[in-house]
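# Chain and residue survey
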Amino acid sequence: MPVDNRLAGRVALVCGAGSCGPGWGNGKAAAVTYARAGATVIAVDIDLAAATETAGIITGEGGTAVIEHADVTNAQDMARVVAATQTRFGRIDILHNNVGIALMGGPVELTPDDWHRSIDANLTSIYLACKFVLPIMEAQGRGVITNISSIASIRYVSYPYFAYYATKAGVNQATVGLALQYAAKGIRVNAILPGFMDTPLVQQQIAGQYADAAEMMAKRNAACPMGRMGTAWDVANAALFLASDEAQYITGVCLPVDGGVSARAS
């Protein structure tokens, strides 16, 4: 059952709604949080099992979820998903762009394929989702887009992932540009910049930078002013606020959710 009704009657398209491993990733937590606030959730993921798991949690709690198996970097897939959602529900109120990858390496170490893969996952996914969803939101006269960026878009965070820094910085400025372009049309666009978070993605893509998992957890916790990493729920709660009417005068914001990491001088 919905925990509150802030998003009652709204349709949320969540790209990257599945978790890449056991536990709670940002997209999975956001999808469930939207549903608990009363939204109908379209759970989009390239991993069908992951999307099915997220949708199962939502329906198991009495919410409404639809599974869409799609590659968000593929134009045909995204056109299909958006059209199907529009046909079935007649609207899309929230677009949550969560897909992203962090491939290690500087310009010398990265292969051209990995560079382009990073651009596709972190930027092309947002471009395609916005390309097909924005006309629907414009016709409605309202809508909310939330892009998941990273504090790596504004700070060096000690990892050698050149493509991640570059593409996440691109997410921020794309967010600002869209926010201003569509502000007068009732569409709000914001980005969330997670800091050091304890999610399955970290275990999958960051762990190799440390001697072992225990060292990674200890060093990442120590890097946070609060003494601990954040969780996917911290990101999801920020996304819920930005999607709600409580944030109706907030657009073009790149919001750090990082326990104070980005506020430090060094």
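In the block above lies the structure referred to throughout.
First, a word on scope: everything that follows refers to the structure included in this document. Being a predicted model, the structure only gives us computed values, none of them experimental. Sequence order as written defines the numbering, with residues in each chain counted from 1. Reporting in this predicted model follows two pLDDT cut-offs: at least 70 for local features of residues, and 80 or more for side-chain atom pairs to be given and counted; totals over whole chains, interfaces and linings ignore these cut-offs and use all residues. Each side-chain value is worked out from all heavy atoms of the structure, with water and hydrogens disregarded.

This part is about the pattern of salt bridges. The term salt bridge refers to a side-chain nitrogen of Lys or Arg lying within 4 Å of a carboxyl oxygen of Asp or Glu. For the structure shown, the criterion picks out 10 salt bridges. One salt bridge in this structure joins E61 and R36, with 2.6 Å as the shortest N-O distance. One end of the pair, E61, is in the loop between α2 (48–60) and β3 (65–69); the other, R36, is in helix α1 (residues 26–36), with 25 residues separating them in the sequence. Type-normalised accessible area, obtained with a 1.4 Å probe on protein chains alone, sets the label of each residue: buried when under 20%, exposed when over 50%, and partly exposed for intermediate values. Classification of R36 as partly exposed rests on a relative accessible area of 26%. For D77, the salt bridge goes to R80, with nearest N and O atoms at 3.9 Å. Here D77 and its partner R80 are both found in helix α3 (residues 75–89), 3 residues apart, which amounts to about one turn of the helix. Here a strand is any run of E in DSSP of at least two residues, a helix any run of H or I of at least four, and the numbering for each starts at the N terminus.

The next point concerns the sheet that holds strand β2 (residues 40–45). By the convention used here, strands pair only if DSSP detects at least 2 bridges between them. Strand order in this open sheet of 7 strands is β3-β2-β1-β4-β5-β6-β7, and the pairing throughout is parallel. Every other strand in the sheet has two partners, leaving β3 and β7 (254–257) as the edge strands with one partner each. Neighbour-to-neighbour, the strand axes of the sheet open up by a mean angle of 20 degrees, direction not taken into account. Relative to β3, β2 is paired through 5 bridges, and the arrangement is parallel. Bridged to D45 within β3 is H69. Two residues qualify as a contact provided that any one of their heavy atoms is within 4.5 Å of a heavy atom in the partner residue. Under this scheme, a helix contributes an axis fitted over its contacting stretch, all axes are lines through C-alpha atoms, and angles between N-to-C directions fall in the 0 to 180 degree range. Contacting β5 (143–148), β6 (187–194) and β7, helix α5 (residues 162–182) runs over the sheet at an angle of about 160 degrees to β6.

This part is about the pairing of strand β1 (residues 11–15). Here β1 lies mainly inside the structure; 5 of its 5 residues are buried. Both faces of β1 are covered, namely the face carrying V11, L13 and C15 and the face carrying A12 and V14. Since β1 and β2 lie parallel, the crossover through α1 that links them has a hand, and here it is right-handed. Of the strand pairs in this sheet, β1 and strand β4 (residues 94–97) are connected by 4 bridges, and their pairing is parallel. Counted as the bridge partner of L13 is L95 from β4. Assignment of crossover handedness uses the view with strands pointing away from the viewer, where a clockwise path from the first strand over the helix to the second indicates a right-handed crossover.

Let's shift gears to the nonpolar core. By nonpolar core is meant a set of buried Ala, Val, Leu, Ile, Met, Phe, Trp, Tyr and Cys residues that side-chain atoms within 4.5 Å join together. Counting 31 residues, the largest nonpolar core has L7, Y34, V41, I58 and I192 as its most contacted members. Each residue touching I58, except ones within four places of it in the same chain, is listed here: A31, V32, A35, V41, G63, T64 and A65. One finds I42, V171, L178 and Y182 within the second-largest nonpolar core, a separate group that totals 28 residues.

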